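What follows is each chain in one-letter form.
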Amino acid sequence: MDWPIIEKSGDFAVPPYLTDWEAARAAFDWQTEIDRLSKLPGGGLNLAVEAVDRHVAEGRGETVAMRWISRNQDSRRELTYAQLKEQTDRFAAALRHLGLKRGDTVAVMLNNLAELPIAALGTIKAGCVFCPLFAAFGPEPVRARLILGRARLLVTTEALYLRKIADLREDLTELDHVLLIGGSGQPPQGCLDFQATLNAASPEDGTVEATSPDDPAMLHFTSGTTGEPKGALHPQRSAAGIHATARMVLDLRPGDIFWCTADTGWVTGSIYKLLAPLLAGATGILYEGEFDPGAWYGVLRNEKVTVWYTTPTAVRMLMRFGAALPRTYRPLSLRLAFSVGEPLNPEAVIWARDALGLPFHDTWWQTETGCIALANFAVTTIKPGSMGRPVPGFEVALVERRPEGGLRFIEDAGIPGEIALKAGWPSMFSDYIGAHTRYEECFIDGWYLTGDLAKRDADGYFWFLGRADDVIKASGHLIGPFEVESALMDHPAVAEAGVIGKPDPVAHERVKAYVSLSHGFAAGEALRRELIAFARLRLGSALAPKELVFIDELPKTRSGKIMRRVLKARELGLPTGDLSGMDSDIRGTGV
Ligand code: WT7
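Residues numbered from 1 in each chain as written. Predicted model: local features only at pLDDT ≥ 70, side-chain atom pairs only at ≥ 80, totals over all residues. Heavy atoms only, no water.

### Let's talk about the overall build of the chain
Turning to step 1, where the next piece is worked out: Scanning the chain for helices and strands turns up 19 helices and 28 strands.
Turning to step 2, where the next piece is worked out: For a compact globule of 591 residues, the expected C-alpha radius of gyration is about 25 Å, and the chain comes in at 23 Å, within 12% of that figure.
Turning to step 3, where the next piece is worked out: Taking the principal axes of its C-alpha atoms as reference, the chain extends roughly 65 × 60 × 55 Å.
Turning to step 4, where the next piece is worked out: Considering the chain as a whole, with its 591 residues, one finds that 60% of them fall into the buried category.
Turning to step 5, where the next piece is worked out: The long-range fraction of contacts in the chain, counting pairs at least 24 apart against all pairs at least 6 apart in sequence, stands at 70%.
Turning to step 6, where the next piece is worked out: When the accessible surface of the chain is summed, it comes to about 22,700 Å², and 51% of that surface belongs to carbon and sulfur atoms. (Helix = DSSP H or I, 4+ residues; strand = E, 2+ residues; numbered from the N terminus. Rg over C-alpha atoms; globule rule 2.2 N^0.38 Å. Buried < 20%, exposed > 50% of the residue type's maximum accessible area, 1.4 Å probe, protein only. Contact = heavy atoms within 4.5 Å. Areas by Shrake-Rupley, 256 points an atom, 1.4 Å probe, with all protein chains shown as cover.)

### Some points on the pattern of salt bridges
Oppositely charged side chains can pair when the atoms bearing their charge come close.
Turning to step 1, where the next piece is worked out: Within the structure shown, the criterion is met by 50 salt bridges.
Turning to step 2, where the next piece is worked out: A salt bridge links Arg-253 to Asp-251, with the shortest nitrogen-to-oxygen separation between them at 3.1 Å.
Turning to step 3, where the next piece is worked out: Classification of Asp-251 as buried rests on a relative accessible area of 1%.
Turning to step 4, where the next piece is worked out: Through salt bridges that share partners, Lys-502, Asp-504, Arg-510, Lys-512, Glu-547 and Glu-571 make up one connected network. (Salt bridge = Lys/Arg side-chain N within 4 Å of Asp/Glu carboxyl O.)

### Focus on helix 9 (residues 238-248)
Turning to step 1, where the next piece is worked out: Where burial is concerned, most of helix 9 is hidden: 10 out of the 11 residues are buried.
Turning to step 2, where the next piece is worked out: Buried within helix 9 we find Ser-238, Ala-239, Ala-240, Gly-241, Ile-242, His-243, Ala-244, Thr-245, Ala-246 and Met-248.
Turning to step 3, where the next piece is worked out: Against the buried residues of helix 9 lie helix 2 (30-37), helix 3 (47-57), strand 8 (216-222), strand 9 (230-235) and helix 10 (267-279).

### Notes on the packing of helix 16 (residues 481-489) against helix 17 (residues 525-539)
Turning to step 1, where the next piece is worked out: Contact geometry for helix 16 and helix 17: axes closest at 9 Å, N-to-C directions at 120°. Helix 17 is crossed by helix 16, and the crossing has right-handed handedness. Mapping the contact onto sequence places Glu-483, Val-484, Ala-487 and Leu-488 in helix 16 and Leu-531, Phe-534, Ala-535, Arg-538 and Leu-539 in helix 17. (Axes fitted to C-alpha atoms, helices over the stretch in contact; angles between N-to-C directions. Left-handed = near helix turned anticlockwise from the far one by under 90°.)

### A look at the site of the ligand
Turning to step 1, where the next piece is worked out: Around the ligand there are 19 residues in total, and Thr-363, Gln-366, Thr-367, Arg-467 and Lys-473 lie nearest to it.
Turning to step 2, where the next piece is worked out: Between Gln-366 and the ligand, the recorded distance is 2.8 Å, taken from a side-chain N or O atom to an oxygen atom.
Turning to step 3, where the next piece is worked out: One of the side-chain N or O atoms of Asp-452 is found 3.0 Å from an oxygen atom in the ligand.
Turning to step 4, where the next piece is worked out: Counting residues per element, the ones that place at least two in the shell around the ligand are helix 10, strand 14 (360-364) and strand 23 (462-467).
Turning to step 5, where the next piece is worked out: Residue contributions to the shell around the ligand peak at 3 residues, all from strand 14.
Turning to step 6, where the next piece is worked out: Looking at side-chain class alone, the shell around the ligand contains 8 nonpolar, 6 polar and 5 charged residues. (Near = heavy atom within 4 Å. Polar contact = N/O pair within 3.5 Å; in protein donor to acceptor, adjacent residues only side chain to side chain. Nonpolar A, V, L, I, M, F, W, Y, C, P; charged D, E, K, R; others polar.)

### Notes on the packing of aromatic side chains
Turning to step 1, where the next piece is worked out: Overall, the coordinates contain 25 aromatic pairs when judged by the stated rule.
Turning to step 2, where the next piece is worked out: Seen from their ring centres, Trp-296 and Trp-308 are 6.4 Å apart, and the 75° between their planes marks the pair as edge-to-face. In this pair, Trp-296 is assigned in helix 11 (residues 293-302) and Trp-308 in strand 12 (residues 307-310), connecting sequence segments 12 residues apart.
Turning to step 3, where the next piece is worked out: On the basis of relative accessibility, which here comes to 7%, the residue Trp-296 falls in the buried class.
Turning to step 4, where the next piece is worked out: Ring geometry for Phe-429 and Tyr-448: centres 5.4 Å apart, planes at 70°, overall edge-to-face. In this pair, Phe-429 sits in the loop between strand 19 (417-422) and strand 20 (431-432) while Tyr-448 sits in strand 22 (residues 447-456), placing the two residues 19 residues apart along the sequence.
Turning to step 5, where the next piece is worked out: Three or more aromatic residues joined by ring pairs make a cluster, and in this case those are Phe-28, Trp-30, Phe-394, Trp-425, Phe-429, Tyr-432, Tyr-439, Phe-443 and Tyr-448. (Phe/Tyr/Trp six-rings, centres within 6.5 Å; stacked < 30°, edge-to-face > 60°.)

### Observations concerning the pairing of strand 4 (residues 129-132)
Turning to step 1, where the next piece is worked out: Side chains Val-129 and Cys-131 project from strand 4 onto one buried face, and the interleaved Phe-130 and Pro-132 project onto a second face that is buried too.
Turning to step 2, where the next piece is worked out: With 4 bridges joining them, strand 3 (residues 105-109) and strand 4 adopt parallel strand pairing. Of the residues in strand 4, the one forming a bridge with Val-108 is Pro-132.
Turning to step 3, where the next piece is worked out: In terms of handedness, the path from strand 3 via helix 5 (residues 115-125) over to strand 4 forms a crossover that is right-handed. (Pairing = 2+ DSSP bridges. Right-handed = clockwise from strand over helix to strand, strands pointing away.)

### Side note on the sheet that holds strand 27 (residues 508-517)
Turning to step 1, where the next piece is worked out: Read across the open sheet, the 3 strands follow the order 26-27-28; overall the sheet is mixed. One side of each edge strand has no neighbouring strand; the edge strands of this open sheet are strand 26 (494-504) and strand 28 (547-550). In this sheet, neighbouring strand axes are inclined to one another by 25° on average, regardless of whether the strands run parallel or antiparallel.
Turning to step 2, where the next piece is worked out: One ladder, built from 4 bridges, connects strand 27 with strand 28; its direction is parallel. In the strand pairing of strand 28, Ala-513 is matched with Leu-548.
Turning to step 3, where the next piece is worked out: Seen against the sheet, helix 18 (residues 564-572) touches strand 26 and strand 27 and runs at an angle of roughly 50° to strand 26.

### What about the environment of Ile-532?
Turning to step 1, where the next piece is worked out: Within the secondary structure layout, Ile-532 lies in helix 17.
Turning to step 2, where the next piece is worked out: According to the relative accessible area criterion, Ile-532 is buried, its value standing at 16%.
Turning to step 3, where the next piece is worked out: In contact with Ile-532, not counting residues within four places along its chain, are Pro-545, Lys-546, Glu-547 and Leu-548.

### A look at helix 5
Turning to step 1, where the next piece is worked out: Taking burial as the measure, the 11 residues of helix 5 include 11 buried ones, the bulk of the element.
Turning to step 2, where the next piece is worked out: For helix 5, the complete set of buried residues consists of Glu-115, Leu-116, Pro-117, Ile-118, Ala-119, Ala-120, Leu-121, Gly-122, Thr-123, Ile-124 and Lys-125.
Turning to step 3, where the next piece is worked out: Positioned one or two residues after helix 5, Gly-127 has a phi angle of 80°, which is positive.

### Comments concerning the sheet that holds strand 14
Turning to step 1, where the next piece is worked out: Judged by pairing direction, the sheet is mixed, and its 9 strands sit side by side in the order 2-1-11-10-12-13-14-15-16 without closing on themselves. This sheet does not close on itself; its edge strands, each paired only once, are strand 2 (76-80) and strand 16 (389-390).
Turning to step 2, where the next piece is worked out: The pairing of strand 10 (residues 257-260) with strand 12 spans 3 bridges and is parallel. The partner of Phe-258 across the bridge, within strand 12, is Val-307.
Turning to step 3, where the next piece is worked out: Across the face of the sheet, helix 12 (residues 312-320) comes into contact with strand 12, strand 13 (336-339) and strand 14 while running at roughly 100° to strand 12.

### Some points on the environment of Leu-148
Turning to step 1, where the next piece is worked out: Inspection of the secondary structure puts Leu-148 in helix 6 (residues 139-148).
Turning to step 2, where the next piece is worked out: C-alpha separation for the pair Leu-148 and Leu-198, spaced 50 residues apart in sequence, amounts to 27 Å.
Turning to step 3, where the next piece is worked out: If we ignore the near neighbours within four places in the chain, the residues touching Leu-148 are Phe-221, Glu-228, Pro-229 and Ile-433.

### Some points on the domain arrangement of the chain
Turning to step 1, where the next piece is worked out: Domain boundaries assigned for the chain yield domain 1 (16-455) and domain 2 (472-572).
Turning to step 2, where the next piece is worked out: When each unit is reduced to the centre of its C-alpha atoms, the spacing between domain 1 and domain 2 is 30 Å.
Turning to step 3, where the next piece is worked out: Taken together, the 24 residues of domain 1 in the interface contact 23 residues of domain 2.
Turning to step 4, where the next piece is worked out: Between domain 1 and domain 2 lies a buried interface of about 1,800 Å² when both sides are counted; carbon and sulfur atoms form 60% of it. (Domains from an automatic or database assignment. Buried area = accessible area lost by both parts, 1.4 Å probe.)

Spelled out as structure tokens, the structure:
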């Protein structure tokens, strides 16, 4: 079916040349953007200074920087830019006082609480590395990430600490301090109270660390097909990429109320929930509650949200509740809606235009890119079903990896290829922590290879086709099958496990496990339930398989690697065909 193209018009803050995408590309230069933000003595750049202190210095201290709304929407807490500056100064001072040094990792496992921006930006202000952790992770993924990230300090709530960390504490030899929010007021042994620590710190000690544009500022864990989670480091100069996309893609400006619904713990939470509205001088919303259609429309309407950034899964869940609710609650202040994380089906774009009065703009990026790279911009024509065109400053190509090495560039419209980005944009990840070889393997001839397959049309719009590797995307979360398989294999009954993403009409994919049993164990409903419960306990609900089936023997390559692609083909009822090319090692994408 042909979907109608949506022409955009209206009052946008972006410079007029941006309505002309070609002209915008020609006029754009990253170095100018970075130089403009590098105002610290000696050409230093600190993301937190750009996101917070700058607005106070320029007279916007009384503007609300972040507005926190409680789960029931019966209480809210606002932090102005001036207050956020004072609080982040205190947090930076507290980190110094506790002995943290420039470059040390501070892990933060929090849902949407008002303390989140204080901990995140205070960490960056101190020159430390902010590492968010997903609060729905079970103890195993948390342990792996705290160790790999060499976290020296953790900020979390007392409840999460007792449930997930206390029992692991002995293994976490590099974790010197834990700061707890809420709870009994009597922190457990080895922990400090967050608020008391902040109150005791003197902001005068918190002079900003004059970080360089290349110093690391953030650490985000992501997953590949094999091996441990990968910790992507993002430098301070990411400020330029985030700021430019906030402006050019999202059209954010002072006066906007911006709501990004991403979970903390994934890159969208840090980059667009926290940093984008702050860098743009807008007001960010932190809503404590989980997804609920009535509550979400309530936030959109009551908080007078002007720009909204969410996921296709959420859009599809809203669609299931029908158009009556949004029509009744129509958030009149809303002027733009964006989505990211999985393919956004054209039906959803069109549905929103009818139900909300405006279409969704799809955007594409990855943890490694550090900011949006492809977009249906605020101002340009939307092609429903397409991820849009490259953000000015990005050079995006479709390529094929040549078996003999190097790349073949695909110029023709409609021909599938792997999305590759010319290295060197400011928010590009600067390393995988402790895994530099894996980092280098992501690049060929100066191009970063994304692992995503797409085609491009004659107008230069990109259309998503799928992943080149086996990673799973469920409800916007990237899940490494290896991590799930490893957890299952810790159960004595499990000999081997193969985990795939099974297509799902709402969540895009759901985690499905195929398990072969150890000698002496018999398949049965009780064992099936036990294994799912076992995985949930270890991994947490977001990573654990939703479905589990027993299989006598898993399909393997000659070298003994489980062929998830064969499992997936069977699941889809597709012929498994020529298997020789299916091994991700052979394809060279097994990073
Ligand atoms: C992967 C990256 C969501 C950005 C931050 C999370 C998939 C992302 C789209 C889109 C189809 C998309 C890709 C990508 N993805 N945006 N608009 N259409 N797929 O980043 O967790 O590293 O996930 O999400 O497969 O590689 P991430």
